[in-house]
2 protein chains.
Amino acid sequence: MAFKSDIEIARDAKKKPIQEIGAKLGIPTEHLLPYGHDKAKVGQEFIRSLEGKADGKLILVTAINPTPAGEGKTTTTVGLGDGLNRIGKKAVICIREASLGPNFGMKGGAAGGGMAQVVPMEEMNLHFTGDFHAITAAHNLLSAMIDNHIYWGNELEIDQRRIAWRRVMDMNDRALRDAVVSLGGVSNGFPRQTGFDITVASEVMAILCLSRDLEDLQKRLGDIIVAYTREKKPVYCRDIKADGAMTVLLKDAMQPNLVQTLENNPAFVHGGPFANIAHGCNSVIATRTALKLGEYVVTEAGFGADLGAEKFFDIKCRKAGLKPSAAVIVATVRAMKMNGGVAKADLGAENVAAVQKGCPNLGRHIANVKGFGVPVVVAINHFYSDTDAEVEAVKAYVAEQGAEAILCKHWAKGSEGIEDLAKKVVELAEGGKSNFAPLYPDEMGLFAKIETIARRIYHAGDVIADKSVRDQLKAWEAAGYGNLPVCMAKTQYSFSTDPNLRGAPEGHTIPVREVRLSAGAGFVVAICGEIMTMPGLPRVPAAETIRLNEAGQVEGLF
Amino acid sequence: MAFKSDIEIARDAKKKPIQEIGAKLGIPTEHLLPYGHDKAKVGQEFIRSLEGKADGKLILVTAINPTPAGEGKTTTTVGLGDGLNRIGKKAVICIREASLGPNFGMKGGAAGGGMAQVVPMEEMNLHFTGDFHAITAAHNLLSAMIDNHIYWGNELEIDQRRIAWRRVMDMNDRALRDAVVSLGGVSNGFPRQTGFDITVASEVMAILCLSRDLEDLQKRLGDIIVAYTREKKPVYCRDIKADGAMTVLLKDAMQPNLVQTLENNPAFVHGGPFANIAHGCNSVIATRTALKLGEYVVTEAGFGADLGAEKFFDIKCRKAGLKPSAAVIVATVRAMKMNGGVAKADLGAENVAAVQKGCPNLGRHIANVKGFGVPVVVAINHFYSDTDAEVEAVKAYVAEQGAEAILCKHWAKGSEGIEDLAKKVVELAEGGKSNFAPLYPDEMGLFAKIETIARRIYHAGDVIADKSVRDQLKAWEAAGYGNLPVCMAKTQYSFSTDPNLRGAPEGHTIPVREVRLSAGAGFVVAICGEIMTMPGLPRVPAAETIRLNEAGQVEGLF
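Reading the values: the criteria
All residue numbers here refer to positions counted from 1 along the written sequence of the relevant chain. For this description, chains carry letters from A and ligands carry numbers from 1, given in the order in which they are written. Side-chain atom pairs in this predicted model are given and counted only at pLDDT of 80 or more, local residue features only at pLDDT of at least 70, and totals for whole chains, interfaces and linings cover all residues. Excluding hydrogens and water, the side-chain figures rest on all heavy atoms present in the structure. Summary of the burial criterion: residues with accessible area below 20% of their type's maximum are buried, those above 50% are exposed, and those between are partly exposed, where the area comes from a 1.4 Å probe applied to protein chains only. Numbered from the N terminus, helices here are DSSP runs of H or I no shorter than four residues, and strands are runs of E no shorter than two. Only strands that DSSP links by at least two bridges are regarded as paired with each other. The rule is short: rings of Phe, Tyr and Trp, with Trp giving its six-membered ring, pair when the centres are within 6.5 Å, and they are stacked under 30 degrees, edge-to-face over 60, tilted in between. By arc we mean the arc of the directions from the helix axis to the C-beta atoms, nothing more. The term salt bridge refers to a pairing of a side-chain nitrogen on Lys or Arg with a carboxyl oxygen on Asp or Glu at a separation within 4 Å. When the copies are superposed, the least-squares fit takes in the C-alpha atoms of residues with a pLDDT of at least 70 in both. By the convention used here, residues are in contact when the closest approach between their heavy atoms is within 4.5 Å. To obtain an axis, a line is fitted to C-alpha atoms, over the contacting stretch when the element is a helix, and the angle between two such axes runs from 0 to 180 degrees between their N-to-C directions. UniProt positions are given in the numbering used here, feature names are shortened, and annotations may be inferred rather than shown by experiment. Here a polar contact is recorded for every N or O atom pair within 3.5 Å, except that within protein the pair must consist of a potential hydrogen donor and a potential acceptor, and residues adjacent in sequence are included only if both atoms are side-chain atoms. In this scheme, roughly parallel covers angles under 35 degrees and roughly antiparallel covers those over 145, while 65 to 115 is roughly perpendicular and the rest are oblique. Each helix crossing is assigned a hand: it is left-handed if the near helix lies turned anticlockwise from the far helix by less than a right angle, otherwise right-handed if that turn is clockwise. Two parts lose some accessible area (1.4 Å probe) when they are put together, and adding that loss for both gives the buried area. Asp, Glu, Lys and Arg are counted as charged, while Ala, Val, Leu, Ile, Met, Phe, Trp, Tyr, Cys and Pro are counted as nonpolar; the rest, among them Gly, fall into the polar class.

Trainee: For this particular structure, what's the right way to read the pairing of strand β14 (residues 257-261) of chain A?
Mentor: Successive side chains on a regular strand alternate, one facing one side of the sheet and the next facing the other. All names here are of chain A. Of all five residues that make up β14, five are buried, and the element is covered over most of its length. The pairing of strand β2 (residues 40-42) with β14 spans two bridges and is antiparallel. Bridging across to β14, lysine 41 finds its partner in asparagine 257. Here β14 pairs with strand β15 (residues 266-269) via three bridges, running antiparallel. Its bridge partner being in β15, valine 259 is matched across the sheet by alanine 267. Turn length for the β14-β15 hairpin, with the two strands adjacent in sequence and antiparallel, is four residues, and the turn residue asparagine 264 shows positive phi of about 65°.

See below:
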């Protein structure tokens, strides 16, 4: 059987003019700022006019811990959106934008797959509507203004050893991780060591994704701590007077981007913060706008449910006042087998025992999500190699956990293949059973919040941290930051901090190596293990084969 | 008398939908890729369909050496385009895009002024259609791939001391001028000294502006010399295999941007290379497209005619096969006074003698442009403080040089104020007197080309250069680059290399400090004096006051 590739399917898409997609949601043409014929930003004024309207129902798509087998979380998010539209619900999809840099490293793409894709795929993996470029510019304007402030006399008495604000680039460039800048003498400033992160790791990205509007955005940008004085007093972005100009640079980036699925259903693709040192969800403004326009909003969170769903609930929903009605946990037979100890090369052979052995990873995620008071359904994203017996094993296991697992064939069939899941989601959401509450209260201490997540979500035994880390958390509590949620940065591959520990480990130790304050975004990052904020390129980067073909189409990007 | 500011005038503009502006030029809506309601890119396919059509007439707007008084070259370019349309000629304007970074340093803006502006002004001074971001990304992808190549074994045997390719950022950031990268140990690469230029100084910018189409673009990108081996053999971008992916990143940036004047006439705003280390003109593709669509195309070149017009003729016209029909040299009474020795603070008082004393600067430019075989007219860009006697002094001087000077009031009155100039331009262009030829033949030696420009355009005595510089030029000649034109990088404020030497100096010495090969763009840069390729921010950067006002409008950018 010969399959079309994702890009071939995307190129064959019968796209409608974006104005028609907007009209489905009641967005008048004059409030849609077009970017080409198939992308548009929704205007501020229109978004403001929605204030007071009732919200639709919010559905989270999350997943088991990712494995090299691939789970298809975005594909399922897109498929479910199409499926809900198919059964007569006005549904809107909300997903993240793709980062440009990594596409030139490994073949990638973040627009779903098969018959469940968002288009235009090529542009979504290139510059799209320029949001990430705007974030890069805003971030680096602040960086330049900090060094410029010091150059001209350092009136704020910034301790040049304690500058917390680095620079960013949307590129996989390991050479920029660690650099000494301002070399070359008097006219270039005071040499100091610093470096670059990839743009998606910028606090500006997290801020953009958590801000309600431009006013909130500017306030949060002003709140960024860029450095400390010798007396360890924080110096804010506001003190550098960069917040106004940064807001100007971000004014268009702040508006949600509307595109469409292969089935011409509306999708907002907006924002894309890291899912480790940040919260990993699309923008609050996109989700809130979609909730005003649709009966259903299907959105996803980064990585597995231990990181992605927890942050979605404890950071995004808490801060934006969102109340999810149901959650879908995506699993695959192949991933269950890998969790059960099968190597990637051996995934083709039926192995019911391995599936059963791997299921507890899924079971843990089901229990965790239920723990937030949100009704759960499992989507088994179907692969051709899955056998009936394997699928039944997953279904049986999930039933034992008091939930239902539904086989979904949206990758091959689009909305037709995911109708059952869509119906179940409607049943859960309209059953009124959701009783969402975050995991911990705002007023809990910062270290206790870390412990709560580690014990209740990761089933860890101990949380260990140096005195310096604990003292830092106490200092932030004293400074008034104790009410912030915690953003856990750990490997996405395991409930533990050991990426090779699959399944559902218990009693492991979580070491908190470092803590960082994202005062503008409004969370404290707890770094457990090595977290890379500037990726490198592989030996043979995808860029070497990316090119335009004779028809002017992009080859090699996907 | 109270004047409206440029931004107030721009905000009051009665813009037409960009599709209507395109329709004036016969561009069908489906070939206009909209960016918002008032900007659009012209599609590749449509541009290809114009092949074989007759060209309109090309008019260059250039100027005397710039002074702090301001000459208004862009304002006159826009005004003349409106003026030609007013007298019944289908005219299109072609100007450069503004660089983002410098707008956060000094108040700026590159969209004309008064009643002769191109809109939307705010966006043209911010991200516009993202072209410069795309250039930044393409440039830095190559940078990352070079270091990545070395990291994974350096198969091409690049001498790490001889990497010619730096990184770029569209920001005034002096801290990045000189940096050591790849610090931090094995996983980050081999430490080496390098730095960042501002994006407009990237060779990718010059290449984009000189390429005929995407194929030509990719070929030129491949030709970039990124480094040398220990044996001093060049390593090309093509060897790094970055040319295909860079072309993909630039595919939209390569398409000209259509906007409109305050009088709803079409303007292409596309590309913006540095006017010192590059040639300082808008893109060839924009100019060529405009020539197919309009009876008249009015374009400008960077800095004064000694740099801008010379490069326009000797690099852009030579390489793109363009034949300008007439040239306008912009001068102001104020600038003549400054050339005559008056300080900026004293410009308000009538001083006919100083005007007369300053005129030889203008006279030199008139003679130089005539030397290219192009008919010349002088536009006196009127200021309210100009007296009749001062204006008459300029007119009389210009008449003595065998040309005509016409007083233009487009800043205050729009096209109505520049009708006389428009009529004169038509007379010159339709008189068939243009007999354009570049200054020197391709086959002249590289150093001889530098000497020719220095003697014939700058009226210099000697050209001096170290043996190493002369040897380098000979080595490039031996390597087959001898037929390239030369791109002079010197101060724009004087015919000499001393920025304080106004007027029309003679017999001065031009020191060639350094030469660089832009093998992709296709020119050899001769650097005479200090040329800054990464600006810094001033003590109080404009960014500190740039913000959104309560109405959501940008304040402080202009």
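Trainee: What am I meant to see in the packing of aromatic side chains here?
Mentor: Any two aromatic rings considered together are summarised by their centre-to-centre distance and by the angle between their planes. For the structure on display, the rule yields 10 aromatic pairs over all chains. With a centroid separation of 4.5 Å and an interplanar angle of 40°, the aromatic rings of phenylalanine 313 of chain A and phenylalanine 372 of chain A are classed as tilted. Of the two residues, phenylalanine 313 of chain A sits in helix α13 (residues 308-320) while phenylalanine 372 of chain A sits in the loop between α15 (352-371) and β18 (376-381), which places them 59 residues apart along the sequence. Each member of the pair, phenylalanine 313 of chain A together with phenylalanine 372 of chain A, is buried. Measuring from ring centre to ring centre gives 5.7 Å for phenylalanine 312 of chain B and phenylalanine 313 of chain B, while their planes differ by 65°; the resulting arrangement is edge-to-face.

Trainee: I would appreciate a short explanation of helix α20 (residues 467-481) of chain B in the present structure.
Mentor: Helical geometry note: an α-helix holds 3.6 residues per turn, so side chains three or four residues apart project in the same direction. All names here are of chain B. Those residues of α20 that sit buried are Val469, Leu473, Trp476 and Tyr481. Along α20, the residues classed as buried sweep out an arc of 60° about the axis, all on the same side. Away from its buried face, by an angle of more than 90 degrees, α20 presents the exposed residues Lys467, Ser468, Lys474 and Ala478.

Trainee: What is the right way to look at the pattern of salt bridges in this model?
Mentor: Side chains that carry opposite charge are capable of pairing whenever their charged atoms lie near each other. Residue and element names in this part refer to chain A. Scanning all chains against the criterion turns up 66 salt bridges over all chains. Here aspartate 147 makes a salt bridge to arginine 192, at a shortest N to O gap of 2.9 Å. Here arginine 192 lies in strand β10 (residues 192-194) and aspartate 147 lies in helix α7 (residues 131-151), a separation of 45 residues in the sequence. On the basis of relative accessibility, which here comes to 10%, the residue aspartate 147 falls in the buried class. Overall, the relative accessible area of 8% leaves arginine 192 in the buried class. Glutamate 514 serves as the salt-bridge partner of arginine 513, at 3.9 Å between the closest nitrogen and oxygen. What makes arginine 513 partly exposed here is its relative accessible area of 40%.

Trainee: I tried to follow the relation of the copies chain B and chain A on my own but got confused; where do I start?
Mentor: Put simply, the two copies of the chain differ by a rotation about an axis and a shift along that axis. In the superposition of chain B on chain A (RMSD 0.0 Å, axial shift 0.0 Å), the rotation amounts to 180°. What we have between these two chains is a two-fold relation. Interface overlap between copies is the fraction of interface residues in one copy that are interface residues in the other; for chain B against chain A it reaches 100%, indicating a shared surface.

Trainee: For this particular structure, what's the right way to read helix α11 (residues 243-250) of chain B?
Mentor: The buried fraction of α11 of chain B is high, at eight of eight residues. Every buried residue of α11 of chain B is listed here: Asp243, Gly244, Ala245, Met246, Thr247, Val248, Leu249 and Leu250 of chain B.

Trainee: When you look at the sheet that holds strand β24 (residues 523-527) of chain B in this model, what are you seeing that I'm missing?
Mentor: Residues and elements named next belong to chain B. Sheet architecture is open: three strands sit in the order β21-β24-β23, paired in mixed fashion. Strands with a single pairing partner mark the edges of an open sheet, and in this sheet they are β21 (486-489) and β23 (514-518). For this sheet the average axis-to-axis angle between neighbouring strands, irrespective of direction, equals 25°. When β21 meets β24, the two strands line up parallel, connected through four bridges. When the bridges of β24 are listed, cysteine 487 appears paired with valine 525. α20 rests against β23 and β24 of the sheet, and its axis sits at about 20° to β23.

Trainee: Can you help me understand the UniProt feature "binding site: ATP" (unreviewed entry) in chain A in this one?
Mentor: Residues and elements named next belong to chain A. Look at the UniProt record and you will see "binding site: ATP" (unreviewed entry) annotated at Thr67, Pro68, Ala69, Gly70, Glu71, Gly72, Lys73 and Thr74. The class of glycine 70 is partly exposed, set by a relative accessible area of 28%. With residues up to four places along the chain from it excluded, the contact list for glycine 70 reads Thr332 and Phe383. Looking at the secondary structure, you find glutamate 71 in the loop between β3 (57-63) and α4 (73-86). When near neighbours in sequence (up to four residues on either side) are disregarded, glutamate 71 contacts Ile64, Asn65, Pro66, Val330, Thr332, Ala335 and Asn381. Only 2.9 Å separates the side chain of glutamate 71 from the side chain of threonine 67, close enough to count as a polar contact.

Trainee: Can you help me understand unusual backbone geometry in this one?
Mentor: The general pattern is negative phi for most residues beyond glycine and trans for most peptide bonds. For the peptide bond that leads from valine 119 of chain A to proline 120 of chain A, omega is 5°, which places it in the cis range. Of note, proline 120 of chain A is situated in the loop between β6 (116-119) and α6 (121-124). Positive phi is not limited to glycine here, since lysine 232 of chain B has a value of about 65°. Secondary-structure assignment places lysine 232 of chain B in the loop between β12 (225-229) and β13 (234-236). For lysine 232 of chain B, a relative accessible area of 56% translates into the label exposed.

Trainee: Is there a simple way to explain the packing of α7 of chain A against helix α8 (residues 203-210) of chain A in this structure?
Mentor: Each pair of packed helices gets described by two things: the angle between the helix axes and the distance between those axes. Residue and element names in this part refer to chain A. The geometry of α7 relative to α8 is characterised by a closest axis approach of 9 Å and an angle of 120° between their N-to-C directions. With respect to their mutual orientation, α7 and α8 come out oblique. Judged by the sense of rotation from one axis to the other, the crossing of α7 with α8 is right-handed. In this structure, α7 contributes Phe132, Ile135, Ala138 and His139 to the contact, and α8 contributes Val204, Met205 and Leu208.

Trainee: Help me understand the interface of chain B and chain A in this model?
Mentor: Facing 64 residues of chain B, the contacting portion of chain A comprises 64 residues. Across the chain B/chain A interface, buried area totals approximately 5,500 Å², and carbon plus sulfur atoms make up 67% of it. When residues of chain B are sorted by the area they lose upon contact with chain A, Trp152, Arg174 and Val248 of chain B head the list and together hold 11% of the total. Our enumeration of links across chain B and chain A arrives at four salt bridges. The shortest N-O distance in the salt bridge between lysine 241 of chain A and glutamate 544 of chain B comes to 4.0 Å. At the junction of chain B and chain A, the tally comes to 29 residue pairs in polar contact (both at pLDDT 80 or more). Of all elements in the fold, only β1 (32-34), α7 (131-151), β8 (167-169), β9 (179-181), α11 and β25 (547-548) of chain B reach the threshold of two or more residues within the side of chain B that touches chain A. Ranked by residue count, the leading element in the side of chain B that touches chain A is α7 of chain B, at 10 residues. When grouped by side-chain class, the residues that make up the side of chain B that touches chain A number 36 nonpolar, 16 polar and 12 charged.

Trainee: Got a minute to help me understand the pairing of β23 of chain B in this structure?
Mentor: Residue and element names in this part refer to chain B. Sheet analysis places β23 next to β24, joined by five bridges and oriented antiparallel. Each bridged residue has a counterpart across the sheet, and for leucine 517 the counterpart in β24 is valine 524. Hairpin geometry of β23 and β24 is characterised by an intervening segment of four residues between the two adjacent antiparallel strands and by a positive phi of about 95° at glycine 522.

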